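# Per-entry structural report
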Amino acid sequence: MSAGTYTPRPGAAPLSRMIAAQAALETRMLLRNGEQLLLTVVIPALLLVLFSAVDVVDTGAGEPVDFLTPGVLALAVMSTAFTGQAIATGFERRYGVLKRLGASPLPRWGLMAAKTLSVLVTEVLQVVLLTVIAFALGWSPQGDPFSVLLLLVLGTVAFSGLGLLMAGTLKAEATLAAANLVFLLLLVGGGVVVPLDRFPEAAQSVLGLLPISALSGGLREVLQHGAAMPWGDVAVLAVWSVLGLGAAARFFRWE
């Protein structure tokens, strides 16, 4: 046995490995949380099945599933990137988890990157599940997959920034209440299951500037109508992304 065989080699793991390990932990915690699964998976799937099978809302010409699927995909992104992340991060901040992680070798931006990766992994699972359900209901998607991917990524960034802003500035209980309230309000008024043209004209112009409206509307233009890149909706999501991430970076409190 040579000298130094069991000599400790203290030091941090490579940054990429730390981020990957933290992202895997965040994903496992999310998937083990029954309330989060209800919000991120069960509710969007139930809405898609219910409103596609029962003629409750007038979705216009064509099959209801063709109108509903883009909106439910947008809702799934919001539920994970905004509502779920805001609530989880808010309580981690309250219980001192973020403070302790901030003192670890993983830099704070690395922790945010790991949370973002966890959100993306969860969204992939959501999109796959909802797509399978939609096809089973007779969905006939159109359009360019790249446009859909860009809209989903921008929507994720926008909602993630807003979720982190809420979690980093409000108390955990306030975040829990506000995030769920925003989820319900945007579910009704964001063009997810109720077309925006069903609202008064004065409200349509305001609702159309919301990130959920831009995401659901853009996905609908591509997937239902086969349109080219909806640059107006892309611009709205890009603005929300910059504002949300910028405000979160400026005002997020770790304690």
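Calculation criteria
- Residues numbered from 1 in each chain as written.
- Predicted model: local features only at pLDDT ≥ 70, side-chain atom pairs only at ≥ 80, totals over all residues.
- Heavy atoms only, no water.
- Axes fitted to C-alpha atoms, helices over the stretch in contact; angles between N-to-C directions.
- Helix = DSSP H or I, 4+ residues; strand = E, 2+ residues; numbered from the N terminus.
- Left-handed = near helix turned anticlockwise from the far one by under 90°.
- Contact = heavy atoms within 4.5 Å.
- Nonpolar A, V, L, I, M, F, W, Y, C, P; charged D, E, K, R; others polar.
- Salt bridge = Lys/Arg side-chain N within 4 Å of Asp/Glu carboxyl O.
- Buried < 20%, exposed > 50% of the residue type's maximum accessible area, 1.4 Å probe, protein only.
- Parallel < 35°, antiparallel > 145°, perpendicular 65-115°, else oblique.
- Core = buried A, V, L, I, M, F, W, Y, C linked by side-chain atoms within 4.5 Å.
- Patch = residues over 30% accessible without salt bridge, like charges linked within 9 Å, V, L, I, M, F, W, Y side chains within 5 Å.
- Areas by Shrake-Rupley, 256 points an atom, 1.4 Å probe, with all protein chains shown as cover.
- Phe/Tyr/Trp six-rings, centres within 6.5 Å; stacked < 30°, edge-to-face > 60°.
- Lys NZ or Arg CZ within 6 Å of the ring centre and 35° of its normal.

### Brief notes about the packing of helix α9 (residues 211-223) against helix α10 (residues 231-251)
At a closest axis distance of 9 Å, the pairing of α9 and α10 adopts a crossing angle of 145°. As for the relative orientation of α9 and α10, their crossing is left-handed in sense. Contact residues: α9 offers P211, A214, L215, G217 and G218, while α10 offers D233, V236, L237 and W240. Looking at the contact of α9 with α10 residue by residue, the class counts come to six nonpolar, two polar and one charged.

### Comments concerning the pattern of salt bridges
Pairs may arise between side chains of opposite charge once their charged atoms sit close together. What the rule picks out here adds up to four salt bridges. Where E26 meets K115, a salt bridge forms, and the shortest distance between an N and an O atom there is 3.4 Å. Taken together, the residues E26 in helix α1 (residues 15-32) and K115 in helix α5 (residues 108-136) connect sequence positions 89 residues apart. For E26, a relative accessible area of 10% puts it in the buried group. With a closest N to O distance of 2.7 Å, D197 and R198 form a salt bridge. The network of salt bridges with common partners includes E26, E92 and K115.

### Describing the packing of helix α3 (residues 64-94) against helix α7 (residues 172-189)
Contact pair α3 / α7: the axes reach a minimum separation of 8 Å and the direction vectors enclose 170°. By the criterion of interaxial angle, the relationship of α3 to α7 is roughly antiparallel. Between α3 and α7, the contacting residues are L75, M78, S79, F82, T83, A86, I87, G90, F91 and R94 on the first element and A172, E173, T175, L176, A179, N180, V182, F183, L186 and L187 on the second. When grouped by side-chain class, the residues that make up the contact of α3 with α7 number 13 nonpolar, five polar and two charged.

### Looking at the nonpolar core
Counting residues in hydrophobic clusters, the biggest one holds 48 residues, and the most contacted among them are L48, M78, F159, L215 and L219. For this core, the secondary structure elements donating two or more residues are α2 (34-53), α3, α5, α6 (145-169), α7, α9 and α10. Among the elements that make up this core, the one with the highest residue count is α3 (14 residues). Beyond its immediate sequence surroundings of up to four residues, L219 is in contact with P70, L73, A74, V148, L151, L152 and Q224. With twelve residues, the next largest nonpolar core counts M18, I19, A114 and W254 among its residues.

### Some points on a nonpolar patch on the surface
Together, L31, V121 and L125 make up a nonpolar patch on the protein surface, roughly 240 Å² of accessible area in all. Structurally, L31 can be placed in helix α1.

### Here's the deal with the packing of aromatic side chains
One pass over the full model with this rule turns up three aromatic pairs. On the numbers, 6.5 Å between centres and 55° between planes, the contact of F82 with F159 is tilted. Placement of F82 in helix α3 and of F159 in helix α6 is noted, with a sequence separation of 77 residues between them. Residue F82 shares its accessibility class with F159, and that shared class is buried. Pairing F135 with W139 gives two aromatic rings, centres 5.4 Å apart and planes at 45°, and the pair type is tilted. Classification of F135 by relative accessible area gives partly exposed; the value is 46%. W139 sits in the buried class, given a relative accessible area of 8%. Sitting over the face of the ring of F67, R220 holds its NZ or CZ atom 3.8 Å from the ring centroid.

Everything listed here is a matter of coordinates, which is why it stays silent on function.
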